[in-house]
Amino acid sequence: MARSEGDTWDLASSVGATATSVAASRAFASRGPDPLIDDPYAATLVEAVGLPHFIEVARGGTDFGDDPLFGATQMREHIAVRTRYFDDFFLEAAAAGVRQAVILASGLDTRAYRLSWPDGAVVFEIDQPSVIEFKTRVLADAGAAAAVERRTVGIDLRDDWSKALRESGFDPSVPTAWIAEGLLIYLPPEAQDRLLDDITALSAPGSRLATEHMDPKALTGDWAKAMTARARRHGSDIDLEELFYTGPRTPAGDHLRSRGWQVTVLPNSQAYAVNGFEPPADHLMAMVGDSGYLSARLD
């Protein structure tokens, strides 16, 4: 179903199903004798959502083989690079003394449960109320306990989430580490800019932000079309062409710089090399361009 103003979803439909897809990929990359990452909760969450295709992916039962676009090895390496980037962002911020973290559109993110957080840290998770309730309940039933003080904020980011965040105990006078992982492409251009402005308004000096950097090539729609075709080849009915907001937008890094942030971009080729992987294949780079990851600091 195509996106529309005020649309809703759960973890088995629309944008919510993409969160389940990413969790299934993390579970897949966490399997085997020498896993690329370790997310011990991803498979449990995917099983609880109940979508057969993603359960098979999480269990390692889907044969991606040497898919012409994105085979099994490429899939495992991609999710490892992405997961490690945002993991390291939080760990480095904590090592620098930042004790307040916010995960925007947290979905099935399990960092509050699986990372080593310092004493006194607080992690705020923001997502739709049903998503927050689902993850909290499933992990509690599985006997999982958060490794940090975890405060949930059940609200749609299209509503006044900054007010709800403050009412949950967020302190805008201290530095914050923010992540917006896999989020901006699902926002219209003006909503992206508004989100970044709201983050800036809530950020004390020393705050940090991490998100994806999107090259204009990644916004043409070619990537969404190719990934949708790949999903269909393996039994999924997610249509990224309907879910992504493609087309021109102000690059997140440019918008943040205009608001006083110091921005660093790590292209995909370098992000792969940092993790000991070969760069993405040429046919992938042709569709996503010089995309990668972005971190910013407010001084």
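Cut-offs used in this document
- Residues numbered from 1 in each chain as written.
- Predicted model: local features only at pLDDT ≥ 70, side-chain atom pairs only at ≥ 80, totals over all residues.
- Heavy atoms only, no water.
- Helix = DSSP H or I, 4+ residues; strand = E, 2+ residues; numbered from the N terminus.
- Expected span 1.5 Å × (residues − 1).
- Buried < 20%, exposed > 50% of the residue type's maximum accessible area, 1.4 Å probe, protein only.
- Phe/Tyr/Trp six-rings, centres within 6.5 Å; stacked < 30°, edge-to-face > 60°.
- pLDDT = per-residue confidence, 0-100.
- Core = buried A, V, L, I, M, F, W, Y, C linked by side-chain atoms within 4.5 Å.
- Contact = heavy atoms within 4.5 Å.
- Salt bridge = Lys/Arg side-chain N within 4 Å of Asp/Glu carboxyl O.

A. Fine view of helix 1 (residues 14-29). Over its 16 residues, helix 1 extends 24 Å from the first C-alpha to the last, a length consistent with the 22 Å expected when each residue adds 1.5 Å. When you tally the buried positions in helix 1, you get 13 out of 16 residues, the bulk of the element.

B. Representation of the packing of aromatic side chains in the model. Within the structure shown, the criterion is met by 13 aromatic pairs. An angle of 90 degrees between the planes, with centres 6.3 Å apart, marks the rings of F70 and W223 as edge-to-face. Within this pair, whereas F70 is found in the loop between helix 3 (52-59) and helix 4 (72-95), its partner W223 is found in helix 9 (residues 222-233), the two being separated by 153 residues in sequence. Like F70, the residue W223 is buried in the burial classification. With centroids separated by 5.9 Å and ring planes inclined at 75 degrees, the aromatic side chains of F124 and F170 adopt a geometry described as edge-to-face. In this pair, F124 sits in strand 2 (residues 122-127) while F170 sits in the loop between helix 7 (161-167) and strand 4 (176-180), placing the two residues 46 residues apart along the sequence. Take F124 and F170: they sit in the same class, and that class is buried. Within the aromatic cluster, the residues linked to one another by ring pairs are F124, W161, F170 and W178.

C. Geometry of the confidence of the model for the protein chain. In this model, the protein chain carries an average pLDDT of 93, and 96% of its residues clear a pLDDT of 70 or more. Confidence scores differ between elements of the protein chain, with helix 10 (residues 240-243) showing the lowest mean pLDDT of 86 and strand 4 the highest of 99.

D. Here's a closer look at the nonpolar core. Grouped together as the largest cluster of nonpolar side chains are 100 residues, with contacts concentrated most on F90, L104, W161, L165, W178 and I199. With 10 residues, the top contributor of residues to this core is helix 4. With near-sequence residues (within four places) excluded, L104 lies in contact with I126, L157, W161, W178, I179, A180, L183 and I199.

E. Geometry of the pattern of salt bridges. According to the stated counting rule, one finds 20 salt bridges in the structure shown. Across the pair E56 and R59 runs a salt bridge, and its minimum N-O distance is 3.9 Å. Here R59 and E56 lie together in helix 3, a separation of 3 residues that amounts to about one turn. Judged by relative accessible area, E56 falls into the partly exposed class, the value being 35%. Exposure remark for R59: the relative accessible area of 45% places this residue in the partly exposed category. Between D239 and R232 there is a salt bridge; the shortest N-O distance is 3.9 Å. Where salt bridges share partners, they join R26, D39, R82, D87, D109, R111, R114 and E181 into one cluster.

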